[in-house]
Amino acid sequence: MVRQYLLFEVAESKYAIKTSDVVKIVSMQPITRIPNTPHDIRGLINLRGRIVVVVDTRKRWHHEMKEDDLKTSIIVTNFNEKWIGWVVDAIDKIMYFEEEDFLPIAWGKIVQEIPLVDKVICYQQELVGVVSEINLMGK
């Protein structure tokens, strides 16, 4: 089965997410900071009258911080009716991939927490990690 994926970048690495999980891609905008929230929560935005929690992927994924620039975007996802925004360094493109093209990663007992990606695809001689709700949310 062919599925559509949005490719994006964080800390010079490429990732993919199913477009069916994406509500909207928003240019960087002012984010209302909220005190006493986890370190990786940037704050809140109002999107179409809906309040969206915005997560900084660099902080969540333990990367070095960098200043936002013109490429910085927010990917708003919908998982179980919860809209969450993810700050990413850049949006790349939308691609179509066959499910059988993805390669699983056998993490086994090497990692204790849920890893960010559990499958990859080789795209333009580069491994692209595929993220999903479970990976993003850390459930």
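Our subject is the structure listed above.
Everything numeric in this text was worked out from a predicted model, so none of it was measured.

## Concerning the side chain of Thr-77
And then number 1: Residue position: Thr-77 is located in strand E6 (residues 73-79).
And then number 2: The buried category is assigned to Thr-77, whose relative accessible area is 0%.
And then number 3: Here the side chain of Thr-77 touches Trp-86 through a polar contact of 3.0 Å, side chain to side chain.
And then number 4: Once residues within four sequence positions are removed from consideration, Thr-77 is found in contact with Ile-17, Asp-21, Val-22, Val-23, Lys-82, Trp-83, Ile-84 and Trp-86.

## Some remarks on the environment of Phe-97
And then number 1: By secondary structure assignment, the location of Phe-97 is in strand E8 (residues 90-98).
And then number 2: Judged by its relative accessible area of 7%, Phe-97 falls in the buried class.
And then number 3: Ignoring any residue separated from it by four or fewer positions in sequence, one finds Phe-97 in contact with Met-1, Val-2, Arg-3, Tyr-5, Leu-7, Phe-102, Ile-121 and Tyr-123.

## Description of the nonpolar core
And then number 1: Residues Phe-8, Tyr-15, Ile-17 and Val-131 are the most contacted members of the largest nonpolar core, which totals 13 residues.
And then number 2: Among the elements of the structure, strand E1 (2-10), strand E2 (13-18) and E6 are those that each provide at least two residues to this core.
And then number 3: Residue contributions to this core peak at 3 residues, all from E1.

## Thoughts on the pairing of strand E4 (residues 41-47)
And then number 1: In terms of strand pairing, E4 meets strand E5 (residues 50-56) through 6 bridges, oriented antiparallel. What sits directly across from Asn-46, in E5, is Ile-51.
And then number 2: Where E4 hands over to E5, the hairpin turn is made up of 2 residues, of which Arg-48 adopts a positive phi near 55 degrees.

## Some points on the environment of Thr-19
And then number 1: Along the chain, Thr-19 turns up in the loop between E2 and strand E3 (22-27).
And then number 2: Separated by 13 residues in sequence, Thr-19 and Leu-6 place their C-alpha atoms 5.7 Å apart.
And then number 3: In this view, Thr-19 contacts Gln-4, Tyr-5, Leu-6 and Ile-94; residues no more than four positions away in its chain are not counted.
And then number 4: Side-chain polar atoms of Thr-19 contact the side chain of Gln-4, separated by 2.9 Å.

Parameters at a glance
Residues numbered from 1 in each chain as written. Predicted model: local features only at pLDDT ≥ 70, side-chain atom pairs only at ≥ 80, totals over all residues. Heavy atoms only, no water. Helix = DSSP H or I, 4+ residues; strand = E, 2+ residues; numbered from the N terminus. Buried < 20%, exposed > 50% of the residue type's maximum accessible area, 1.4 Å probe, protein only. Polar contact = N/O pair within 3.5 Å; in protein donor to acceptor, adjacent residues only side chain to side chain. Contact = heavy atoms within 4.5 Å. Core = buried A, V, L, I, M, F, W, Y, C linked by side-chain atoms within 4.5 Å. Pairing = 2+ DSSP bridges.

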